[in-house]
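The chain contents come next:
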Amino acid sequence: MTPHIPHPTSHIHVKVCGTTSVTDAVQAAEAGADALGFIFAPISKRLVSVEVARAASLSVGPVVARVGVFLNQGLDEVLRTAERARMSTVQLHGQLSSLYVTEVARYHPVLRVLRPADLLAGADALEQLKLPGVTLMLDAPEPGGGVPLDWEALRPVFPAGAWLAGGLGPQNVAAAVRALNPAGVDAVSRLESSAGIKNHDLVRSFVQAARSALSADGV
């Protein structure tokens, strides 16, 4: 299975996560975001309903990836929710077996989220990244907390083709891209006026800053 979100060499993909309204989805797409994240983990303060996510998905069309975000949820719940909400990709957080990830990847491309400690420890979860249709996203230990990772410390272990999240925003995304050359970047808290409510100026600036980092490096 080929992931809906490819691994580019001359174009970095930009994901705006924590989308909770049709208006925010449309404006992020218009700002140039390649992917929108919709969080279905019940513990999230950015939880979105299936109905709103579906309406947002239909509003932006098939060119923009719609990523359903899940945390340690049952397989049936993940697959049913992704289908009902018209998600094109599934982002998986938590302690999950390879069998679970394989089953999800039968139906949707998967962004498998790991923490820096997982990379540094050579965790078993890394084996899941060899599965067809599975792409790594590296995130902070507390996703959505707005705390950046130590990019310099990650240079030796950051895999080619991986995505980067964790405390990214307009002010620091260019530095992160230059440090690790990720295939994609993902942001939430630093693009908000309040939890779940996007600041459209920050979203636009984030997309522009991520793309300008490649231009500055001549990629």
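Read on for an overview of the structure. The model shown is predicted, which means the values in this text are computed figures rather than measured ones.

**Some remarks on the pairing of strand β2 (residues 35–39)**
Across the 5 residues that make up β2, a large majority, 5, are buried. Burial along β2 is two-sided: Ala35, Gly37 and Ile39 facing one way and Leu36 and Phe38 facing the other are all buried. Two strands pair when backbone bridges link them, and strand β1 (residues 13–16) and β2 are joined in this way by 2 bridges, in the parallel orientation. Each bridged residue has a counterpart across the sheet, and for Val16 the counterpart in β2 is Leu36.

**Concerning the environment of Leu131**
Turning to its location among the elements, Leu131 is positioned in the loop between α5 (116–121) and β6 (134–138). Distance in space between the C-alpha atoms of Leu131 and Ala29 is 30 Å, their sequence separation being 102 residues.

**What about the pairing of β6?**
With 5 of 5 residues buried, β6 lies mostly within the body of the structure. What you see with β6 is no split at all: Val134, Leu136 and Leu138 on one side and Thr135 and Met137 on the other are buried throughout. Summarising the sheet, strand β5 (residues 110–114) and β6 pair through 5 bridges and their orientation is parallel. From the neighbouring strand, Val113 faces β6, where its bridge partner is Met137. Pairing of β6 with strand β7 (residues 163–164) involves 2 bridges; the strand directions are parallel. Directly across from Met137, in β7, lies its bridge partner Trp163.

**Here's the deal with the packing of aromatic side chains**
Throughout the structure, instances matching the rule amount to 1 aromatic pair. Residues Phe40 and Phe70 carry aromatic rings whose centres are separated by 5.4 Å and whose planes lie at 25 degrees to one another, so their mutual orientation is stacked. Here Phe40 is found in the loop between β2 and α2 (50–60), whereas its partner Phe70 is found in strand β3 (residues 65–71), with 30 residues between them in sequence. For Phe70, a relative accessible area of 1% gives the class buried.

Cut-offs applied
- Residues numbered from 1 in each chain as written.
- Predicted model: local features only at pLDDT ≥ 70, side-chain atom pairs only at ≥ 80, totals over all residues.
- Heavy atoms only, no water.
- Buried < 20%, exposed > 50% of the residue type's maximum accessible area, 1.4 Å probe, protein only.
- Helix = DSSP H or I, 4+ residues; strand = E, 2+ residues; numbered from the N terminus.
- Pairing = 2+ DSSP bridges.
- Phe/Tyr/Trp six-rings, centres within 6.5 Å; stacked < 30°, edge-to-face > 60°.

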